[in-house]
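Examining the three-dimensional arrangement
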Amino acid sequence: MEPISIDISDYITVEPGVIYRIEIGMRPSYSLYPCTETRKPGKYEEMLDRLYDSGDTSWDNPTDYWDEGSESGLFYQYAYNWQEGQNPCSDAYYSPDKKLSRNLLATNLGLIAVCRGVVTMYFTL
């Protein structure tokens, strides 16, 4: 498989010294998986659209991390089904717990880390 890269400067103005949290998730409507039945947006995806269209997103309100109005809260309310969690034709497959996320530090410094054995690691700046 070929590595995929995303240049975040296409989406935001990158400022030096800032730590960015990048999350990449998936939705049923983004999937190209060939399901036998025609997919139409379910209640979960409809509620996600409402959440993001309203502008009330999880980074604006600390209570959204555990509130039913968050992405995770909506998933467990409308799409969660443990029996269908491995079926890409089910809404249960598209859990927000499967997001890829990374923290990125915007800087002009380079860091190289080399691991030698179990207990020794060398860093070069």
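Not measured: the values here are computed from a predicted model.

1. Thoughts on the overall build of the chain
Helix and strand content of the chain: two helices and four strands. If you list the helices and strands of the chain from N to C, you get β-α-α-β-β-β. Buried positions account for 22% of the 125 residues belonging to the chain. A separation threshold of at least 6 residues defines the contact pool for the chain, and within that pool the share at least 24 residues apart is 50%. For the chain, the exposed area adds up to about 10,200 Å²; of that, 54% sits on carbon and sulfur atoms.

2. Re the pairing of strand E4 (residues 120-124)
Where strand E3 (residues 112-116) meets E4, five bridges bridge the pair, whose relative direction is antiparallel. Its bridge partner being in E4, Val114 is matched across the sheet by Tyr122. Between E3 and E4, which pair antiparallel in sequence order, lie three residues; one of them, Gly117, sits at a positive phi of approximately 75 degrees.

3. A word on the environment of Ser95
The topology assignment puts Ser95 in the loop between helix H2 (71-78) and strand E2 (100-105). For Ser95, a relative accessible area of 10% puts it in the buried group.

Procedures and definitions
- Residues numbered from 1 in each chain as written.
- Predicted model: local features only at pLDDT ≥ 70, side-chain atom pairs only at ≥ 80, totals over all residues.
- Heavy atoms only, no water.
- Helix = DSSP H or I, 4+ residues; strand = E, 2+ residues; numbered from the N terminus.
- Buried < 20%, exposed > 50% of the residue type's maximum accessible area, 1.4 Å probe, protein only.
- Contact = heavy atoms within 4.5 Å.
- Areas by Shrake-Rupley, 256 points an atom, 1.4 Å probe, with all protein chains shown as cover.
- Pairing = 2+ DSSP bridges.

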